[in-house]
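Per-entry structural report
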Amino acid sequence: MENQGQLASLTKIIKPYLPDDVAIESVDLNSHFIENLNINSANLVDIVLDVEDEFDIRLENEDMDRMQTVKDALEIIALKTKEKEA
Amino acid sequence: METKQIIAQLPYSPPFLFVDELESVTPEGITGSYTFPKDAFFYKGHFKDYPVTPGVILTECCAQIGLVCLGIYVLDQGTANAMGIGMSSTEMEFLKPVYPGERVTVASEKVYFRFQKLKCKVKMYNTDGELVCKGTISGMFKTPEDDK
């Protein structure tokens, strides 16, 4: 359930960075930010910064490298949120 | 790093170098200036019989001083070797024309430098201290390490 909420928040963050020809409905867990959603690396940085603000976490370079798909992003968010609470 | 070293590392040359000198630089921002030569190539066609510095050139000048010089300083690579620099986005407003021979000063303020992306707020002034253009410029800096 929480995961659904996080997916919704993440999708909302992604939306303004999607190119005109990519529909928000096409974003799912397996979407690859660069290959499927056509988001460039510069916009991906902005997505990461928005994710940091939204979830009150901080991502490092290795997280950025690992964050290839929407599912990867949710896993990183879950992990960082857990670390924060611990 | 001294300001002269930063300019020496710029991957541009005339007629596409738009930095004369840097007045100040810190990790948070940079100020530099440039005088547009009266005989610069673009005045021949922009506009016909009415030379005005094109907005794209003003943007380029803001980017070279405000983004690239600041990026070189922040990264302090030692060697720039035209390290992969790519302008990724610009959003500019143009308020006053800049005529041939005018000297402009660019002041840039870092918004953030994260994950190799530098985002800056830039402002360009003429010698009367009037705001000529302003905006936000971002770029990606690829370091040689990224290729390893």
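Above this text you will find the structure in question.
Now for a quick tour of the structure. (Residues numbered from 1 in each chain as written. Chains lettered and ligands numbered in written order. Predicted model: local features only at pLDDT ≥ 70, side-chain atom pairs only at ≥ 80, totals over all residues. Heavy atoms only, no water.)

1. Considering the interface of chain A and chain B
Contacts between the two partners involve 12 residues from chain A, matched on the other side by 6 residues from chain B. Carbon and sulfur atoms make up 61% of the area that chain A and chain B hide from each other, which totals about 800 Å². In terms of surface lost to chain B, no three residues of chain A exceed A:A42, A:V45 and A:L49, which account for 49% of the buried area on that side. Its salt-bridge partner being B:R114, residue A:E52 comes within 2.8 Å of it at the nearest N-O pair. Counted by class, the side of chain A that touches chain B contains 6 nonpolar, 2 polar and 4 charged residues. (Contact = heavy atoms within 4.5 Å. Buried area = accessible area lost by both parts, 1.4 Å probe. Salt bridge = Lys/Arg side-chain N within 4 Å of Asp/Glu carboxyl O. Nonpolar A, V, L, I, M, F, W, Y, C, P; charged D, E, K, R; others polar.)

2. A few points about the nonpolar core
Residues and elements named next belong to chain B. In this structure, F36, C61, C62 and M124 are the most contacted members of the largest nonpolar core, which totals 36 residues. Elements with a minimum of two residues in this core: β1 (21-26), β2 (29-35), α2 (55-75), β4 (103-114), β5 (117-125) and β6 (131-141). Here the element with the most residues in this core is α2; it accounts for 12 residues. Excluding its chain neighbours within four sequence positions, the residues that come into contact with C62 are L67, M92, V106, V122, M124, C133 and I137. (Core = buried A, V, L, I, M, F, W, Y, C linked by side-chain atoms within 4.5 Å. Buried < 20%, exposed > 50% of the residue type's maximum accessible area, 1.4 Å probe, protein only. Helix = DSSP H or I, 4+ residues; strand = E, 2+ residues; numbered from the N terminus.)

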